[in-house]
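Single-letter residue listing:
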Amino acid sequence: MRFSIATWNINSVRLRIDLVARFLEENRPDVLCLQETKCPDGQFPLGAFAKLGYAHVALNGQKGYHGVAVVSRLPIVAAIPRGFCDKGDSRHLRVTLGGGADGLEIHNFYVPAGGDEPDPAINDKFAHKLAFVDEMAAWFAAEQVAAGRAILVGDLNIAPLEHDVWSHKALLNVVSHTAVEVEKLNRAQAAGPWTDALRRFVPSERKLYTWWSYRSPDWDKADKGRRLDHVWVSPALADKVEAMRVLRDARGWQRPSDHAPVIVELSL
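Here the structure is a predicted model, which is why all the values come from computation and not from measurement. (Residues numbered from 1 in each chain as written. Predicted model: local features only at pLDDT ≥ 70, side-chain atom pairs only at ≥ 80, totals over all residues. Heavy atoms only, no water.)

Considerations on the environment of Lys207
For Lys207, the position within the fold is in the loop between strand S9 (195-196) and strand S10 (211-212). Look at Lys207 and you get partly exposed, because its relative accessible area is 39%. Sequence-wise, Lys207 and Ser167 are 40 residues apart; in three dimensions their C-alpha atoms are separated by 9.8 Å. A polar side-chain atom of Lys207 sits 2.7 Å from the main-chain carbonyl oxygen of Val165. (Helix = DSSP H or I, 4+ residues; strand = E, 2+ residues; numbered from the N terminus. Buried < 20%, exposed > 50% of the residue type's maximum accessible area, 1.4 Å probe, protein only. Polar contact = N/O pair within 3.5 Å; in protein donor to acceptor, adjacent residues only side chain to side chain.)

Here it is as structure tokens:
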């Protein structure tokens, strides 16, 4: 079975439902995982997704902030959110699929951005981010989350490799690429252990971005991007990943998210 999964920080699903519709019509992934939906579950645009052929939906949303969702063409047989750091934030959703992808588990994450100051002693947002990633690592190890067929996707808000950012030197002390964040994310990945699906196709010495700041007056020409969005797969799926795409063009659509969608294809 050929299976495709997409991840996209949409930065308000209701505001950008037309962009989501365009993406789904043009690409037709089996599953789309959204982050930063900024939408209570009762106000999620279920009808729009059903018309597009995505009748199976799992939600973990909240008003105005955060929020994750999984929309699928395949049946969702279980959906369980997990809270992190006792904050009450909607930042994770675990779903199990049926319909030809029986037993496949998907984890959709939205890791805190961390604010601007990379010092947990004076920046509570950065302290929260570090604690969140620590808790991810501990959970992966304690519950063997990646023991079976599992995929982890989402906006992890960390660009771990030198060429995951436009300038390693310039961003060493900028939140998302600091040494402490990278070390903690690497530890979480190893705790799975998880395989970085995107870097199976783009060598680590080549630039790879999924996010371009709204602050850049000409984001495309400046190309000062970061790879904040990730797809990891469990050992059972490491040799099943067949292709990946970053849909950079979507960053240039009208009123876009600052993230581009990412699609990974597997053979199940």
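Some details on the sheet that holds strand S14 (residues 262-267)
Adjacent strands of a sheet pair through backbone hydrogen bonds, lying either parallel or antiparallel. Strand order in the open sheet formed by six strands is S3-S4-S2-S1-S14-S13, with mixed pairing between adjacent strands. The outermost strands of the open sheet, each flanked by one partner alone, are strand S3 (56-60) and strand S13 (241-246). Across the sheet, the axes of successive neighbouring strands diverge by a mean angle of 15°, strand direction being ignored. Inspection of the sheet shows strand S1 (residues 2-9) paired to S14 by six bridges, in the antiparallel sense. Of the residues in S14, the one forming a bridge with Ala6 is Ile263. Packing of helix H1 (residues 17-27) onto the sheet brings it into contact with S1, strand S2 (31-35), S13 and S14, and relative to S1 it is tilted by some 160°. (Pairing = 2+ DSSP bridges. Axes fitted to C-alpha atoms, helices over the stretch in contact; angles between N-to-C directions. Contact = heavy atoms within 4.5 Å.)

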